[in-house]
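Structural description and commentary
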Amino acid sequence: MAESKSLRVAYGEALAEIGAEHKEVVVLDADLAHATMTAIFADKYPERFYNMGIAEANLMCAASGFAYSGLTPFVSTFAMFGAGRAYEMIRNSISYCNLNVKLGFSHSGLCVGEDGGSHQSIEDIALMRVLPGMTILVPCDSIEMKKAVRASLDIPGPVYIRVARPVVDSFTNPEDEFIPGKANILREGSDVAIIATGLMVTEALEAAEKLSKEGVSASVVNMHTIKPLDEKCVLEMAEKCGAIVTAEEHSIIGGLGSAVAETLAGKSAAPFIRVGIQDKFGKSGKPSELFCEYGLTGSNIADQCKKAIAQKK
Amino acid sequence: MDKKQKARELRAATLTSIYGAQSGHPGGSLSVVEILQALYYDVANIKPEDPQWEDRDRIVLSKGHACPALYAVLADKGYYPSCDLDKLRQADCHLQGHPDACKTPGIDVNTGSLGQGVAIAGGLAMAAKHNGRSYQVFAIVGDGELQEGICWEAAMSAAHYKLDNLVVLLDYNGLQIDGRNDEVMSLGDIMKKYEAFGFDCQAVDGHDADAIASAIRKPVSGKPRFICCKTVKGKGVSFMEDQAGWHGKAPSKEEYEQAMKELGVEING
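Keep in mind it's a predicted model, so treat the numbers as computed, not measured. (Residues numbered from 1 in each chain as written. Chains lettered and ligands numbered in written order. Predicted model: local features only at pLDDT ≥ 70, side-chain atom pairs only at ≥ 80, totals over all residues. Heavy atoms only, no water.)

1. Comments concerning the overall build of chain A
We count it as follows: Counting from the N terminus, the helices are the DSSP runs of H or I reaching at least four residues and the strands are the DSSP runs of E reaching at least two. Radius of gyration: over C-alpha atoms. The globule rule applied is 2.2 Å multiplied by the number of residues raised to the 0.38 power. Residue exposure (1.4 Å probe, protein chains only): buried if accessible area is under 20% of the type maximum, exposed if over 50%, otherwise partly exposed. By the convention used here, residues are in contact when the closest approach between their heavy atoms is within 4.5 Å. Only four residue types enter the tally: Lys and Arg on the positive side, Asp and Glu on the negative side; His and the chain ends are excluded. Charge positions come from single atoms, namely NZ of Lys, CZ of Arg, CG of Asp or CD of Glu.
Helix and strand counts for chain A come out as 13 helices and 14 strands. Against the globule reference of 20 Å for 313 residues, chain A gives a C-alpha radius of gyration of 19 Å, in line with a compact fold. Seen along its three principal axes, the alpha-carbon backbone of chain A occupies a region of about 60 × 40 × 40 Å. Among the 313 residues that make up chain A, the fraction classed as buried is 63%. Long-range contacts, defined as pairs at least 24 residues apart, comprise 78% of the intrachain contacts of chain A with a sequence gap of at least 6. For chain A, the distance from the average site of its 30 positive side-chain charges to the average site of its 39 negative ones is 3 Å.

2. Looking at the environment of B:Ala127
Along the chain, B:Ala127 falls in helix H5 (residues 116–130). In this view, B:Ala127 contacts A:Gly65, A:Phe66, A:Ser69 and A:Leu71; residues no more than four positions away in its chain are not counted.

3. Some details on the domain arrangement of chain A
Residue and element names in this part refer to chain A. As a reminder of what qualifies: Domain segmentation is taken from an automatic or database assignment of domains. When two components associate, each loses some accessible surface as probed by a 1.4 Å sphere; the sum of these losses over both components is called the buried area. What makes a salt bridge here is a side-chain nitrogen of Lys or Arg within 4 Å of a carboxyl oxygen of Asp or Glu, nothing more.
Examined at the domain level, chain A breaks down into domain 1 (4–169) and domain 2 (184–310). Using only C-alpha atoms to locate each centre, domain 1 and domain 2 end up separated by 25 Å. Taken together, the contact pairs 33 residues of domain 1 with 33 residues of domain 2. Taking both partners together, domain 1 and domain 2 bury about 2,300 Å²; carbon and sulfur atoms supply 58% of that area. The largest share of the area that domain 1 buries against domain 2 comes from Leu110, Ile122 and Arg129, three residues that together contribute 33% of it. The interface formed by domain 1 and domain 2 contains one salt bridge. Arg129 is the salt-bridge partner of Glu262, the closest N and O atoms lying 2.9 Å from each other. Taken together, the elements giving at least two residues each to the side of domain 1 that touches domain 2 come down to helix H7 (124–129) and strand S6 (135–137). Here the element with the most residues in the side of domain 1 that touches domain 2 is H7; it accounts for four residues.

4. A look at the packing of aromatic side chains
Centre distance and the angle of the planes are the two values used to describe a pair of aromatic rings. To keep it simple, the criterion reads: Between 30 and 60 degrees the pair is tilted, below 30 it is stacked and above 60 it is edge-to-face, where a pair is any two Phe, Tyr or Trp rings, Trp via its six-membered ring, whose centres lie within 6.5 Å. Lysine and arginine charges are scored as sitting over a ring when NZ or CZ, respectively, is within 6 Å of the ring centre and within 35 degrees of the ring normal.
This model, assessed by the stated rule, comprises 11 aromatic pairs over all chains. Consider the rings of A:Tyr50 and A:Phe66, whose centres lie 5.1 Å apart with planes at 40°: the pair is tilted. In this pair, A:Tyr50 sits in strand S3 (residues 49–51) while A:Phe66 sits in helix H4 (residues 56–68), placing the two residues 16 residues apart along the sequence. By relative accessible area, which is 11% here, A:Tyr50 ends up buried. Centroid distance A:Tyr50 to B:Tyr161: 5.6 Å. Interplanar angle 70°. Geometry classified as edge-to-face. Of this pair, A:Tyr50 sits in strand S3 while B:Tyr161 sits in the loop between helix H6 (149–160) and strand S3 (166–172), on two different chains. Through successive ring pairs, a cluster of aromatic residues spans B:Trp152, B:Tyr194, B:Phe197, B:Phe199 and B:Phe226. Sitting over the ring of A:Tyr96, A:Arg91 keeps its end group 5.8 Å from the ring centre. Residue placement shows B:Lys47 over the ring face of B:Trp53; its charged tip is 4.2 Å from the ring centre.

5. Focus on the pattern of salt bridges
Inspection of the entire model under this criterion finds 29 salt bridges over all chains. With a closest N to O distance of 2.9 Å, A:Glu209 and A:Arg187 form a salt bridge. Note that A:Glu209 is positioned in helix H9 (residues 200–213) and A:Arg187 in strand S9 (residues 184–187), a separation of 22 residues in sequence. Owing to a relative accessible area of 37%, A:Glu209 belongs among the partly exposed residues under this scheme. The salt bridge involving B:Lys129 is made with B:Asp164; its shortest N-O contact spans 2.8 Å.

6. Some details on helix H3 (residues 33–43) of chain B
The buried fraction of H3(B) is high, at nine of 11 residues. All of the buried residues along H3(B) are B:Val33, B:Glu34, B:Ile35, B:Leu36, B:Gln37, B:Ala38, B:Leu39, B:Tyr40 and B:Val43.

7. A closer look at the sheet that holds S6(A)
All names here are of chain A. As a reminder, the rule being used: Each pair of strands is called paired provided DSSP finds at least two bridges between the two strands. The axes used here are C-alpha line fits, helices contributing only the stretch in contact, and every angle between their N-to-C directions lies in the interval 0 to 180 degrees.
In space, the seven strands of this open sheet follow the order S3-S2-S4-S5-S7-S6-S12, with mixed pairing throughout. Bordering the open sheet on either side are S3 and strand S12 (225–227), each of which pairs with just one other strand. For this sheet, the mean angle separating the axes of adjacent strands, direction not counted, is 20°. Direction of pairing for strand S2 (residues 25–29) relative to strand S4 (residues 72–76): parallel, over a ladder of five bridges. Counted as the bridge partner of Val27 is Phe74 from S4. Packing against the sheet, H4 makes contact with S2, S3, S4 and strand S5 (102–106), and its axis sits at approximately 165° to S4.

8. Examining the pairing of S3(B)
All names here are of chain B. Counting buried positions along S3 yields seven of seven residues, so the element is predominantly enclosed. Residue alternation in S3 divides its side chains into two sets, Leu166, Val168, Leu170 and Tyr172 and Val167, Leu169 and Asp171, and both sets are buried. Bridge count for strand S2 (residues 137–142) against S3 is six bridges, and the pairing is parallel. What sits directly across from Val141, in S3, is Leu170.

9. What about the packing of H3(B) against helix H4 (residues 67–77) of chain B?
Packed helix pairs are characterised by how far apart their axes lie and by the angle those axes make with each other. Residues and elements named next belong to chain B. Put simply, the rule is: Throughout this description, any angle smaller than 35 degrees is read as roughly parallel, any larger than 145 degrees as roughly antiparallel, any in the 65 to 115 degree range as roughly perpendicular, and the remainder as oblique. Crossing handedness: left-handed means the near helix sits turned counterclockwise from the far one by under a right angle, and right-handed means the same turn made clockwise. Each residue gets one of three labels, nonpolar for Ala, Val, Leu, Ile, Met, Phe, Trp, Tyr, Cys and Pro, charged for Asp, Glu, Lys and Arg, and polar for the others, Gly among them.
One can describe the packing of H3 onto H4 by two numbers: an axis separation of 10 Å at closest approach and a directional angle of 30°. Considering the angle they form, H3 stands roughly parallel to H4. Judged by the twist between their axes, the crossing of H3 over H4 is right-handed. For the pair H3 and H4, contact is made by Val33, Leu36, Tyr40 and Tyr41 and by Ala69, Leu70, Val73, Leu74, Asp76 and Lys77, respectively. Looking at the contact of H3 with H4 residue by residue, the classes come out as eight nonpolar, no polar and two charged.

10. Details of unusual backbone geometry
The residue after A:Lys227, namely A:Pro228, is reached through a cis peptide bond having omega -5°. The topology assignment puts A:Pro228 in the loop between S12 and helix H10 (231–241). Unlike most non-glycine residues, A:His107 shows phi in positive territory, near 55°. Examined against the element boundaries, A:His107 turns out to sit in the loop between S5 and H7. Overall, A:His107 belongs to the buried group, its relative accessible area being 4%. Even without being a glycine, B:Lys162 presents a positive backbone phi close to 50°.

The following block contains the structure:
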């Protein structure tokens, strides 16, 4: 039976696991250790955990100081306050100096639910993606989260790991390869390719299943790395399937959809549709309700796939 | 060499590089000279021949726009040839408009975006304690810079983590781009503010390198230190002194020649 685990718990556990082998790893949080789950690391390695209080600007710069001193800081807070509030500190004091800081920001996207639009970061990938040298990993389940945290250690320079809040049934396999920058093809199809990231990967698989019952053959790509994007895979999918649909729990501006559009531009005439948050803010509600309202569902992805296929010349 | 003469020469080298670039920040560069002098020529434990020496004291020019003065000091200390100063801010030179640790030997931390350097300095001091190292971390901040909220986040955490290996030096020249601090955004009683945040505070004449050095040497335990260095913006050049207009403007030929004359330094070439 598939394991059900919150991605943030998997993140905290992964930190504690790598902490055992990597003494250079320190963890900094901003009074959210029990929400980001860095508390799991803090319980095990209190001498390597620093709570910086509710002060995200200083949090990022303190991490910069640790990285300058040869340590590997993992920095956690909510995506809104990390990527958003402290954006310029990440830009100038981490990314601009290509420092080895790992940013594990939780509570990204609409899945924050009831806390509402003020706390739902729908732009964090966009903000991180424009920074030269930033790697962006968006794991889809707890198995992949653990691989992503471990993989980030081997990437010199800053890495953003997007940590979604909900409990997710794991559907990837522990033995699956996880190579940053190399997409995982979960399903091969020929009529349309769904390129999905994070929580939208399960929805994409659901869409493909639904389409197959209607005689439509869909590929599903788990694009766990938004930057560097696996452009080769995107172009091959466009060539093979002739239609592309992206799916992300993020604004369609600046995230996966934009990255794929930039890849396809001038190279493929395949019809292309972006499923995601359509340039508006989130709001309070149950995550499942919000996902339906904002079209972040397998059934909407399937509908958009049919539209894309209909646009083929 | 006499310290005052050294300060004059550093000021001349600073102004020469800004004049050559026709770009840069003379006012705050001239006010910070003795603070740099106290650190680089006196108290700081550094090895110019080994800029990455692990146990060196870290020096963070948080008011990064004053880097022409820092560049003149680093050249004089031998981190790179003095002729590099002629190419300040040029595309084929490592001397950036604001300090860049990736490009310039002797620079410990990228700064320039105000407030971030002093916060990074706190991180360096935390990391030094974490690693069991005994080096000190010096952060030089500007007065206008203290209007940035991050400075106070950093002050709070420096006291919380008892960073007695951190010294924050304020170049208190009283001026910022739009005018006097008190007109733009008053700092209030800055000593009391840092005291309230849990710092050991001292005030010194910011143009007396010996006084700054002895303030730094005062033993303190369990507290970060704040040294308020009262300075004059544009110090050493009469027409630049205490003038907000000289914050970020290069001198003309006539102004440069006049400045050199006042500093008692002959212009080469």
